[in-house]
Amino acid sequence: MRLSTLGTVIGIAVGHELKGYGGVSLNFNDTNAGYSIQVDGDKWFESPADYSPGGWRKPLILNAKSISYGSGTDKNMGNYNSVSAQHLADGADWMLEATIKVFTEQSFVAFTSCYPKGAMNLQGAWSVDEVISAFPAFSIGSSTKNYLGWAGIQLLGTAVSKWADFAGGEQAGIPVLVHDQNLRSVMIGPYDNFLTSVHASRNGTSGTKIFAAGIKGSISVIPENFCHTTLMGFGQGVNSTLVSFGDQLLKRSGKERVDAKKDFVLSQLGYWTDHGGYYYQTHPNFSNAEDALLAVKADAKNRSIPIQYFQWDDWWYYQYEGDTGGLMEWQPYPNVFPSGMTKWLDMPLSLYVAEYNRYNIYVNDYKFAFDDKTNHSLPVDKQFYLDMFKNGTDIGMKMFEQDFLSGINEYTSLTNNDTHTGDDWLNAMGDAAKELGVSLQYCMMQPIHTLKSTEVYQVTNGRASRDAVGVPSFHLVLGMSGMLPYSTGIWPSADNVWTSAVEGTQTRAPPLYTNIIALLVGGPYGPSDEVGKLNKTTIMQTCRDDGLLLRADKPVTMVESAFRTGFVDAKPPAVWSAYSEIDGYRWGYIVGLDLSVDHPLLSSDINDFKNSTYRVFSYLSSEGMKQTTEMNAGTPFMIPACPEPGTQPPQLGHGYHVAAPLLNGGWYFLGEVGKIVSASTVRVKSVASDAATLTLQMEGVSNEVVQIGFIKPSSTSTSFFSCPTPTCSLKSCPVTIACSLSQCSCK
């Protein structure tokens, strides 16, 4: 046996080449178990010459006789070629079996570490930012590529940086997407054991910076036969490579992507009371929160603002010294809700818990894991959540929000001291929620929780920005931070919004653009104004008359050209897009924030857009649909510069534009007038056209007036037509609008 230095691959004379799909190949060195990965013949990754898969705990010794090559079939990723090697710790107190699989039908490479004997006595001065076993590990110090890394509380640390500067740890990026200027991309992230995974960085003995993936260094015991896999996915384009990676995680668990139209909270207009909301932890001019919320409900009803549910945040139930002290009892304070845990509001609800105190009233009746140093605990008992959620559903709970995931992960040992407690907790919650038909929101989540959501079927959305307080620059991250939740099949959330600028003694930036972002990001949409300040004009731009949200089919994510434009200094401009797809056509929704210069956008630049020719209008312009500009594969649409105005209260420079595709016969259907998502599939069910006729199948509430804008063949002028939906007893009443070159009709 010899020391495994994971050295540079010298050539096929000392190893083997494993060919994969899409130009991906791996060279393995039989002498020292080193490896390199090529993409279309270019070397992208190479293991360091002075490092062992043992991470930073102890060196491992390669058993050269154990190296074996093989092939097989994975039920999700198909056929593969593989190489395996066994490494022993000094003294043989634990061993590592390392296997690399290069897939031949999809562009993936999997690195799996297995511990047949487990690993004991690992406790030491090791942090969550270090690794137990570094597999894979790559030298990155001389790389000229960029990486997009997801990190931090609410994913707020998400950023593009230079790959050579990767700092390691939970705050630096897990997962990461490495890309070149041509947007050839490689996604690297855990395939399992998400809550105990980490990407680490350290300088090798030669001074070269090393990237390493594996299990957190804080884990004290690894059980027998424990295995962990890091997956690398290769592709062209940042968005498509990321989504392909997420698809594999979902295939592994069997979870389907969340259809927002089928989820109550994601599909309906709500009223929210979380941090930033007017009635968060306070109720000016009311004796208690119960009276305040009843007044909000009455005011909305009187003005035909169709709120369909209420969210209660952290302020109503018994905690020990606030959120971080943890839950003591899931019952309301009598001075907050005098009517108690009853149906006094008579509305569907979204309810909440932050952390769990060590001495809560439930610890003797259910199974909990404990951290006695911080006096925190976690329920790892499905029955606890069955009973808790039953209490919630009895009064109308539709969604449960688990908050402070980052605090539990960072400031307690509960989810990072062993390989199972975190999974036991979130699985128990998810299983109970599934049994009772409750959806889940993850809040203050970190990227590892976003990845974990692929295994918890009831998680429908997660927060991807900070709380809606203070300077609104937090919105700038959403186009990138929200890409990870979208890839994993859930919807990112932008928190509550105000619909009026002045409320009480507080003043905020003009609210329309924050409402646009909140709707387009895709999570729950919930105004949070004081009584009498809900702005009906703003709110009704998001929904039908019955509160059913008119959403896009996907959340806004960064456009491909932004990564290319910002490659040199690793600062992509905030240009995002979403779409609705109807009968093979895609309507695009484009956001620009704090742009210092005009940003040229071609239809071919936007990964979301399938069609080649569009007419684009500015939603926020006084002209609206009346003024349109052509965009195609050769003619860019110039997104106007929108620098931060420097006014008080602070606000972002912003623009919002809608792109309508050229239809058969030369028509453009610009969409529904006065709706942020003008061609939502919630409203528009079918679009058909020829040279003489445009026909739309639409749905609405009984007697709801729908106004559309469209452009006739061989014209650039916009025409408008209004049509009431028929009187009917159905929740959604169908209506057909047919336009000829001379007139429109509806039935």
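Residues numbered from 1 in each chain as written. Predicted model: local features only at pLDDT ≥ 70, side-chain atom pairs only at ≥ 80, totals over all residues. Heavy atoms only, no water.

Engineer: Describe the sheet that holds strand E44 (residues 718-724), listing the residues and the values that go with them.
Structural biologist: In space, the 3 strands of this open sheet follow the order E40-E43-E44, with antiparallel pairing throughout. Two strands close off the open sheet at either side, each with one partner strand: strand E40 (668-672) and E44. Direction aside, the axes of adjacent strands within the sheet are offset by 25° on average. Alignment of E40 against strand E43 (residues 705-711), held across 4 bridges, turns out to be antiparallel. When the sheet's bridge partners are listed, Phe669 is paired in E43 with Phe710. (Pairing = 2+ DSSP bridges. Helix = DSSP H or I, 4+ residues; strand = E, 2+ residues; numbered from the N terminus. Axes fitted to C-alpha atoms, helices over the stretch in contact; angles between N-to-C directions.)

Engineer: Quick rundown of the sheet that holds strand E4 (residues 35-39)? Include the residues and the values.
Structural biologist: With respect to topology, 4 strands assemble into an open sheet ordered E2-E3-E4-E5, the strand pairing being antiparallel. With partners counted over all chains shown, the strands left at the sheet margins are strand E2 (15-19) and strand E5 (42-46), one partner each. The sheet shows a mean angle of 25° between the axes of neighbouring strands, taken without regard to direction. For strand E3 (residues 24-29) and E4, the ladder comprises 5 bridges, and the chain directions are antiparallel. What sits directly across from Val24, in E4, is Val39.

Engineer: Quick rundown of helix H1 (residues 238-253)? Include the residues and the values.
Structural biologist: Compared with the 22 Å implied by 1.5 Å per residue over 16 residues, the 24 Å span of H1 between its first and last C-alpha is a close match. Among the residues of H1, those classed as buried are Val238, Asn239, Thr241, Leu242, Phe245, Gly246, Gln248, Leu249 and Leu250. Positive phi shows up at Gly254, right after H1, with a value of about 85°. (Expected span 1.5 Å × (residues − 1). Buried < 20%, exposed > 50% of the residue type's maximum accessible area, 1.4 Å probe, protein only.)

Engineer: Describe the pattern of salt bridges, listing the residues and the values that go with them.
Structural biologist: Enumeration over the complete set of coordinates arrives at 20 salt bridges. The closest approach of N and O atoms between Glu130 and Arg202, which form a salt bridge, is 2.7 Å. Of this pair, Glu130 sits in the loop between strand E9 (108-115) and strand E10 (137-139) while Arg202 sits in strand E15 (residues 197-203), placing them 72 residues apart in sequence. According to the relative accessible area criterion, Glu130 is buried, its value standing at 14%. Arg202 sits in the partly exposed class, given a relative accessible area of 36%. In this structure, the salt-bridge partner of Arg303 is Asp299, at a minimum N-O distance of 3.0 Å. Residue classification places Arg303 among the partly exposed positions, given a relative accessible area of 27%. (Salt bridge = Lys/Arg side-chain N within 4 Å of Asp/Glu carboxyl O.)

Engineer: Can you explain the environment of Leu60? Please cite residues and give values.
Structural biologist: By the element assignment, Leu60 lies in strand E6 (residues 60-74). Leu60 gets classed as buried once you look at its relative accessible area, which sits at 0%.

Engineer: Got a sec to walk through the confidence of the model for the chain? Specific residues and values, please.
Structural biologist: Chain-level statistics for the chain give a pLDDT mean of 92 and a share of 95% at 70 or above. Segment residues 1-13: pLDDT under 50, and 53 contacts once partners within four positions in sequence are set aside and those in other chains are kept. (pLDDT = per-residue confidence, 0-100. Contact = heavy atoms within 4.5 Å.)

Engineer: Let's hear about the packing of helix H4 (residues 382-393) against helix H6 (residues 421-436): which residues, and what values?
Structural biologist: Following both chains from N to C, one finds H4 and H6 inclined at 45°, their axes separated by 8 Å at the closest point. Considered as vectors, H4 and H6 are oriented oblique to each other. As for how H4 packs across H6, the hand of that crossing is right-handed. When H4 is examined against H6, the residues Lys382, Tyr385, Leu386, Phe389 and Lys390 are found in contact with a partner set consisting of Trp425, Ala428, Met429, Asp431, Ala432, Ala433, Glu435 and Leu436. Partitioning the contact of H4 with H6 into residue classes produces 9 nonpolar, no polar and 4 charged. (Parallel < 35°, antiparallel > 145°, perpendicular 65-115°, else oblique. Left-handed = near helix turned anticlockwise from the far one by under 90°. Nonpolar A, V, L, I, M, F, W, Y, C, P; charged D, E, K, R; others polar.)

Engineer: An account of the state of the cysteines is needed here, citing residue identities and associated values.
Structural biologist: With the rule as written, the count across this model stands at 4 disulfides. In this model, Cys114 is linked to Cys227 through a disulfide, with the two sulfur atoms separated by 2.0 Å. With the S-S bond torsion at 115°, the cross-link from Cys114 to Cys227 turns out right-handed. Taken together, the residues span a long stretch of sequence, with Cys114 in strand E9 and Cys227 in strand E17 (residues 226-236) at a distance of 113 residues. By relative accessible area, which is 18% here, Cys114 ends up buried. In this structure Cys227 comes out as partly exposed when scored by relative accessible area, which is 30%. (Disulfide = S-S within 2.5 Å.)

Engineer: Break down the packing of aromatic side chains for me, citing the residues and quoting the values.
Structural biologist: Within the structure shown, the criterion is met by 46 aromatic pairs. Centre to centre, the rings of Tyr279 and Phe286 are 6.3 Å apart; their planes meet at 75°, and the pair counts as edge-to-face. Its relative accessible area of 4% is what places Tyr279 among the buried residues. The exposure class of Phe286 is partly exposed, given its relative accessible area of 25%. Relative to Phe370, the ring of Phe368 has its centre 6.4 Å away and its plane inclined at 15°; by these criteria the two rings are stacked. On the basis of relative accessible area, Phe370 is assigned to the partly exposed category, the value being 35%. Geometry around Trp491 places Arg551 over its ring, the cationic atom sitting 4.8 Å from the centre. Above the ring of Tyr486, the side-chain terminus of Lys554 is found at 5.2 Å from the ring centroid. (Phe/Tyr/Trp six-rings, centres within 6.5 Å; stacked < 30°, edge-to-face > 60°. Lys NZ or Arg CZ within 6 Å of the ring centre and 35° of its normal.)

Engineer: Can you tell me about helix H3 (residues 289-302), naming the residues and giving the values?
Structural biologist: Between its first and last C-alpha atoms H3 spans 20 Å; for 14 residues at 1.5 Å apiece the expected length is 20 Å, and the two agree. All buried positions along H3 are accounted for by Ala289, Glu290, Ala292, Leu293, Ala295, Val296, Asp299 and Ala300. Those residues of H3 hidden inside the fold are in contact with strand E18 (270-271) and strand E19 (309-311). Its side-chain oxygen 3.1 Å from the backbone nitrogen of Glu290, Asn288 forms the N-cap of H3. (Polar contact = N/O pair within 3.5 Å; in protein donor to acceptor, adjacent residues only side chain to side chain.)

Engineer: With reference to specific residues and values, describe the environment of Ser702.
Structural biologist: The topology assignment puts Ser702 in the loop between strand E42 (694-700) and E43. Look at Ser702 and you get partly exposed, because its relative accessible area is 23%. Through-space distance from the C-alpha of Ser702 to that of Tyr656 is 30 Å; in sequence the pair is 46 residues apart. Discounting residues that sit within four places of it in the chain, Ser702 has contacts with Thr725, Pro726, Thr727, Cys728 and Cys733.

Engineer: Describe the pairing of strand E8 (residues 95-103), and please don't skip the residues or the numbers.
Structural biologist: The side chains of a regular strand alternate between the sheet's two faces. The buried count for E8 comes to 7 of 9 residues, which makes it a mostly enclosed element. Where strand E7 (residues 78-89) meets E8, 9 bridges bridge the pair, whose relative direction is antiparallel. Within E8, the residue paired with Ser82 across the bridge is Lys101. Where E8 hands over to E9, the hairpin turn is made up of 4 residues, counted between the paired strands.

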